[in-house]
Structure formats: structure tokens, C-alpha cells
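Each chain, written out:
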Amino acid sequence: MNVHSVSAELATVARKTKGVVPPKLVGASTTVVGDKMYLFGGRLVVERRMLSDLYVFDLQTYTWDRLEPAPESIIPGPRYFHSADTWNNHLVIFGGMGYKTSNQAQDSLCVLNDVCFFSIAESRWLSPDEFLPSSSPQSLTPRARYAHLSSVSSDMLFIIGGQDLANGWLDDIHVYDLPSRTWVHRGEYPRHCGTYRSVALSSTLCVRNPGTEPLPPPAQRFRPDTAPSVLPIASPDTFVELPYSTPPSPTLPSEIFLYSNYNFTDVKRELEVFTPQPPSSFTITDHSNAMTGLALPPGLRFPTGAVLGTSLIIAGTYLAHSYQAFSIWSLDLISMTWSRIEPGTALATGSWCRAVLWRESNKFLVFGNREGNLVEDYNHRLLSWDHVAYIDLEAFGIYQPPAPGFGLGREAQAMGLAALEDGAFADFEIVCNDGRRIACSRKLLEDRWPWFRDQRRRYLAVASNALDISGTNPVLPLPAVPGSSEPTLPRPDPRLTPRSLHLAEPYPVTVAFMQYLYAQTLLTPLQHAPAVLSALLLLASTYDLSHLRDLVKHAMHRALSSGTQGVTGIYDVATICDCQSLRLRYVSIFKDIKARDLMLNVSV
């Protein structure tokens, strides 16, 4: 079976939530924005009463709070099995089942087709008067529905399927243009889709793989052809270009992945990809037959999930006669291979029901109750919020690749390398541990290396203070007595002089580090040498360069995935630099290799 066999006990951590914890609910929505998750609506279990309450969960502190919207807010009516998405720092709510009247009687139930916006920055619901005038033709406005699917891409809200008040399937797709607040498309859809069996997922980031694209043109040189370069020139055909994250664009839109599973005794699985074509069109491609794997996901009830990097994550309740669990799977969108994510004993007991992605930390969160009963809660469709499990997806090799620093494109990166190699604008030197010197631009170092900028400021402040003292008093003062209360300026690093910095690193490591500062990426074969990568990770940790740290981890994960030689030092440097996700993945991969080799030896 294809199982991500990382040490699950270390990759998953469960916590009890605190604060104003929401009650158990049916059909509530959850939407992650940054490091907060917003919960809206739902129906109380005992009272069978729908709500329009809005809660927020702090993903860093495990704390719930109930939001009280601004007094002038016009709060949407109570509802459940609606949809909630995020767009331009707003929550976008559509449809669901609600009440015809305010008396909230069971015989006054109805389904809805309204669109509501909550401004996260202003903490208020927008009134309909604030929307731009709507000119949607009646034929494009969706019928009221609940338990439908939704997703946002290219400034368009897609509403797919769902059911009417009589529980009849609504087999259509509607597109809502968010900037103009108008319905712009309606089309038939030949499949039944609803939250019980399907999920529609997209990402706010796309992954571009430059290795599959034409090479950039040779960078413009900064020296005449007859003048030698300061450093050896890295040719574009030797570049090692890593996949990177980028915002969606007209040429690389954020695709919507619609995954369905049904007929749970003999599971049928379907995957269709919606590719937006603004302003209102899209194409649909069926990838159902492309999915493969040694094991495939079982039938998952009320599936949820996310797109992270090049992986599609699907999670849901698995119920069999002899076994019940909250099951999590990932589909590699490059190889189209399924693997099961094993969260360990953290989810082995209790009732776990709703999963969301915290993209910024590459973590998958599962909410539930560790003392609950999974089957009983599922039968009542209950969602609990008392506990949350954090699953470190990076430990399974699933993560969002870092974006290029400063948004530099491929040509700008090559030009940065050329500037370093040719010594362009050089007015400073980095001294290696063997005495060799690398000419560079002091201004560029200050702009892209915060530690260096801070040390330069300290140096200038101390020098300026010394000049002030010597200018007013020809007799230099005695050194300050240790422990005296007189304020002293922070001393700069003693390795720094007006025209140089003694980095005390080997020459190859120093060159690779300077290449990163100039190009804001890892591009050259030198930078990808295993020993150099390890040294760069140490430098990133020493000087708190989070972008370099993410790039090096990205390169090391790629090396682990491909089985590249020379990865044996990854565990040690990951331990020193406190990169637990990388360390866990290394242990998992080599444990699997040793187990496979042992089985081969036994069979022989």
C-alpha cells in the first residue's frame, strides 16, 4: 500500500482548544484566511435551530472567539449547508438552507441563493447597498440550493450542483463575477454533486516548473567581452531550476479540482479539472482514469481537502462494518498517484469531522472531540470544535514551494548572477576563510541581508559617536567600567570593516551564498552540491534568512524525492537547524529503503 510512513506520532500534534468554543453544529462552514479560521452558521443539535453566528479560531494559539460584527452590519439570515469562500480579504457566503420568516419554525424552511460578503479588515457584513449594481439576467441567476460545492478562481465564484428543498439534484454550474457582483454564466453539468460525496478545491497559488520551459536568454553582461569576469560564469544550460509558487495569471490560472466518490460499497472515484477562461468561461477536463496507486482512497463521506503545492489532499469519514476512521489521502498531481497520510494515534480515537489547510505553515488541521464517538456523531452529522490536530504535511513531502525572492523572474535572476560574476557596482568585499575575496555591492547586501544592514548601522553609529567625541574633546574618554549604568551603543560585529566583511566560510560556500543574495534563488550547480546546501542551511539559520532557509529545504526535499546521492548529511544539518519536517521525512524515506532492502535480502 502507498502510505506516507513518516513517524506519525511526531508529525501530528493534538491540542485542546480554548476560548469561546462553538457548540456542536451541523452544516457549518469553515474558511481559513492567513492564520485565522472563520466558522459561520450551522444548526444546533438539540434545539435544531439554525444560526448566523460568526466565530474565529486563531491557528497559532488554539483560541476561539465569537465575532460581534459592527452595529451597522446587516447580518445574513441563519443557515446551514451553505458555502463559504475567501476573496480579497472577504468571506463570500452563498445559499444554504434557512428560514422563510423570522419565527424560525420548522415549517418555514427554505433554500437560499443570496451572496453575502464579510469584510475581514473591517469586521463587518457588507450591506447590499454597497454592492455594485447587478444586471444579472434571470436566466443566469442560480436556483436556490443547499449542500452545493463552491470555489473561487480568477475572481470568479463557481457554484456547482447541490440540492433543492425537496432534495432533488441540481445538475448545473453557475459563475459569479466577484468584482462586478453579477452572475455571468450558467451551464449544465452531467453529474450529481453535493457535499455528501464531492468537494471542489482550488489554491490561491500556482506552481510553475521552469525546468519544463525554454531556457531564458543569456543575461546581459556588465563587462566588455575582452575583460575577464570576477567569478566563473554560470551558463544557463547548467542551471538547476526548482519549481516555485506564483500568483495565478491569465496564462497560468488556478484550476479547480472537483473530486467525487460514491457507491461506497464499490467505490467510484471521479476527478475533473475546471480551468477558468476569464471573463466568464471555463473548460472541464476529466482525469478520473489517470488516477493510480497501490491503494486508492475508500469511500469518504462529506469529503473536505485542499490543494497544496502539487498535491491534492482529500479527507473524510470512512465507515465500514469493522473499521471506522477519519481518513486522509494525497494525490500527486504530477504522477497522479494516491498515497495515504497516516496521522498516527492522535486521530485513532474520538470523533474527528472537519479538516482545513493552514497554507502558510504547510499544516493540515482536523477538528473534533477526542472523547466523542465517530459513528454516533456522523449519524447526527455533528461537527465538534473542542480539539484540533495539526498534521505537518511537509514531513510527508507535501508543501508550498517558496516563491522567488523580491518577485524576481528568470531573466532578472540570470542578470543578478551576471552582475556578481562581472563585479558590477562592486564597492565592498567578502573575505573567505582562505583569504580569497569576492567583490560585491554593499548596497545590495544592505537591501537583501538584514543582519548585514543592522551591523552596518551599528558600525556607522559607533564611528559617528567616536568622531563627535573626538571633535569636542581632544582627550579621549576612558573605557566604560563593566556594569556601569552609562548607556553604550551596540557594538558591531568585529568581522566588519568599512570595506569588507570576513565571513570565515569556505570559498565555494561563500560564492553560493553571494549567488543567492544576487539572484534570490538557488540556480547554479554549485548551490545544489550537497555539502554546499548544508552550509547554506546553516547560514540561513545563523542570519535568520527565512527565504533562503525555505529554498534550501525545498532543494533538499527534491533531492530526497529523487533519491539523489549525497543526501546523508541532511539529517544532521536538519537537526542542528531545527528543521523537524525535513528530519522526519529523511528518517521515513531511509527507514523505508532499509525495510525494502531487508525484505529483498530475506527473499534471496
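Residues numbered from 1 in each chain as written. Predicted model: local features only at pLDDT ≥ 70, side-chain atom pairs only at ≥ 80, totals over all residues. Heavy atoms only, no water.

(A) Main features of helix H6 (residues 507-519). In this model H6 runs 18 Å from its N-terminal to its C-terminal C-alpha over 13 residues, within 8% of the 18 Å that 1.5 Å per residue would give. Within H6, twelve of the 13 residues are buried, leaving the element largely enclosed by the surrounding structure. By the burial criterion, the buried members of H6 are Tyr507, Val509, Thr510, Val511, Ala512, Phe513, Met514, Gln515, Tyr516, Leu517, Tyr518 and Ala519. (Helix = DSSP H or I, 4+ residues; strand = E, 2+ residues; numbered from the N terminus. Expected span 1.5 Å × (residues − 1). Buried < 20%, exposed > 50% of the residue type's maximum accessible area, 1.4 Å probe, protein only.)

(B) View of the environment of Asp422. Inspection of the secondary structure assignment puts Asp422 in the loop between helix H3 (410-421) and strand S31 (428-431). Residue classification places Asp422 among the buried residues on the basis of a relative accessible area of 3%. Each C-alpha atom, one on Asp422 and one on Arg221, is 7.2 Å from the other, the two residues being 201 residues apart in sequence.

(C) Layout of the sheet that holds strand S8 (residues 54-58). An order of S3-S9-S8-S6-S5 is seen for the five strands of this open sheet, with the pairing classed as mixed. Edge positions in the sheet fall to strand S3 (18-19) and strand S5 (29-33), since each of these pairs with one other strand and no more. Alignment of strand S6 (residues 36-40) against S8, held across five bridges, turns out to be antiparallel. Within the sheet, the bridge partner assigned to Leu39 lies in S8 and is Tyr55. (Pairing = 2+ DSSP bridges.)

(D) Quick look at the packing of H6 against helix H8 (residues 530-542). Packing of H6 against H8 brings their axes to within 10 Å, and their N-to-C directions diverge by 65°. The hand of the H6/H8 crossing is right-handed. Contacts between H6 and H8 pair Val509, Ala512 and Phe513 from the former with Val532, Ala535, Leu536 and Leu539 from the latter. Classifying every residue of the contact of H6 with H8 gives seven nonpolar, no polar and no charged. (Axes fitted to C-alpha atoms, helices over the stretch in contact; angles between N-to-C directions. Left-handed = near helix turned anticlockwise from the far one by under 90°. Contact = heavy atoms within 4.5 Å. Nonpolar A, V, L, I, M, F, W, Y, C, P; charged D, E, K, R; others polar.)

(E) Spatial organisation of the packing of aromatic side chains. Taken as a whole, this structure holds 30 aromatic pairs when the rule is applied. Taking the centre distance of 6.0 Å and the plane angle of 45° together, the rings of Tyr189 and Phe274 count as tilted. Here the residue Tyr189 occupies a position in the loop between strand S17 (182-188) and strand S18 (198-201), and Phe274 occupies one in strand S22 (residues 268-277), the gap between them amounting to 85 residues. Overall, the relative accessible area of 0% leaves Phe274 in the buried class. Taking the ring centre of Tyr507 as reference, the NZ or CZ of Arg436 above it sits at 3.9 Å. (Phe/Tyr/Trp six-rings, centres within 6.5 Å; stacked < 30°, edge-to-face > 60°. Lys NZ or Arg CZ within 6 Å of the ring centre and 35° of its normal.)

(F) Inspection of the confidence of the model for the protein chain at higher detail. With 90% of its residues at a pLDDT of 70 or more, the protein chain has an overall mean of 90. pLDDT under 50 marks residues 595-604. Its contacts with residues more than four places away, or in other chains, come to zero contacts. (pLDDT = per-residue confidence, 0-100.)

(G) How the structure looks around the packing of H3 against H6. Relative to each other, H3 and H6 sit at 130°, their axes nearing to 8 Å. Classed by the angle they form, the pair H3 and H6 counts as oblique. Note that H3 runs across H6; the crossing there is right-handed. Facing Gln413, Gly416, Leu417, Ala419 and Leu420 of H3, the residues of H6 in contact are Met514, Gln515, Tyr518 and Ala519. Of the residues belonging to the contact of H3 with H6, the class tally is six nonpolar, three polar and no charged. (Parallel < 35°, antiparallel > 145°, perpendicular 65-115°, else oblique.)

(H) View of unusual backbone geometry. The amide bond that connects Pro278 to the next residue, Pro279, takes the cis arrangement and shows omega of 15°. Considering the arrangement of structural elements, one finds Pro279 in the loop between S22 and strand S23 (281-286). In this structure, Tyr62 takes a positive phi of about 60° despite not being glycine. Relative to the assigned elements, Tyr62 resides in the loop between S8 and strand S9 (63-66). For Tyr62, a relative accessible area of 25% puts it in the partly exposed group. The phi dihedral of Ser123 falls on the positive side, at around 55°, and the residue is not glycine. Mapped onto the elements, Ser123 comes out in the loop between strand S12 (109-119) and strand S13 (124-125). A relative accessible area of 24% places Ser123 in the partly exposed class.

(I) Just the pairing of strand S26 (residues 324-332), in detail. Of all nine residues in S26, seven are buried, a share of seventy percent or more. In the sheet, strand S25 (residues 311-319) pairs with S26 via nine bridges, with the strands oriented antiparallel. Bridge assignment links Leu319 to a residue of S26, and that residue is Gln324. As consecutive antiparallel partners, S25 and S26 are separated by four residues. Pairing analysis gives five bridges linking S26 to strand S27 (residues 337-341), with the strands arranged antiparallel. Paired with Ile328 across the strands is Ile341, a residue of S27.

(J) Structural view of helix H9 (residues 546-562). For H9, with 17 residues, the first-to-last C-alpha span of 24 Å sits near the 24 Å given by 1.5 Å per residue. Residues of H9 that are buried: His547, Leu548, Leu551, Val552, Lys553, His554, Ala555, Met556, His557, Ala559 and Leu560. At the C-terminal side of H9, Gly563 shows a positive phi close to 70°.

(K) Local environment of the pattern of salt bridges. Enumeration according to the criterion identifies 24 salt bridges in this entry. In this structure, the salt-bridge partner of Glu241 is Arg410, at a minimum N-O distance of 2.8 Å. Placement of Glu241 in the loop between strand S19 (206-208) and strand S20 (244-246) and of Arg410 in helix H3 is noted, with a sequence separation of 169 residues between them. The exposure class assigned to Arg410 is buried, which follows from its relative accessible area of 17%. Across the pair Arg436 and Asp434 runs a salt bridge whose closest N-O atoms are separated by 2.8 Å. When its relative accessible area of 43% is taken as the criterion, Arg436 is described as partly exposed. The class for Asp434 is partly exposed, based on a relative accessible area of 43%. Look at the salt bridges and you will find they share partners, linking Arg145, Asp172, Arg186 and Glu188 into a network. (Salt bridge = Lys/Arg side-chain N within 4 Å of Asp/Glu carboxyl O.)

(L) Here's a closer look at the side chain of Ser534. Mapping Ser534 onto the fold places it in helix H8. Contacts of Ser534, omitting those with residues within four sequence positions, involve Met556, Gly569 and Val573.

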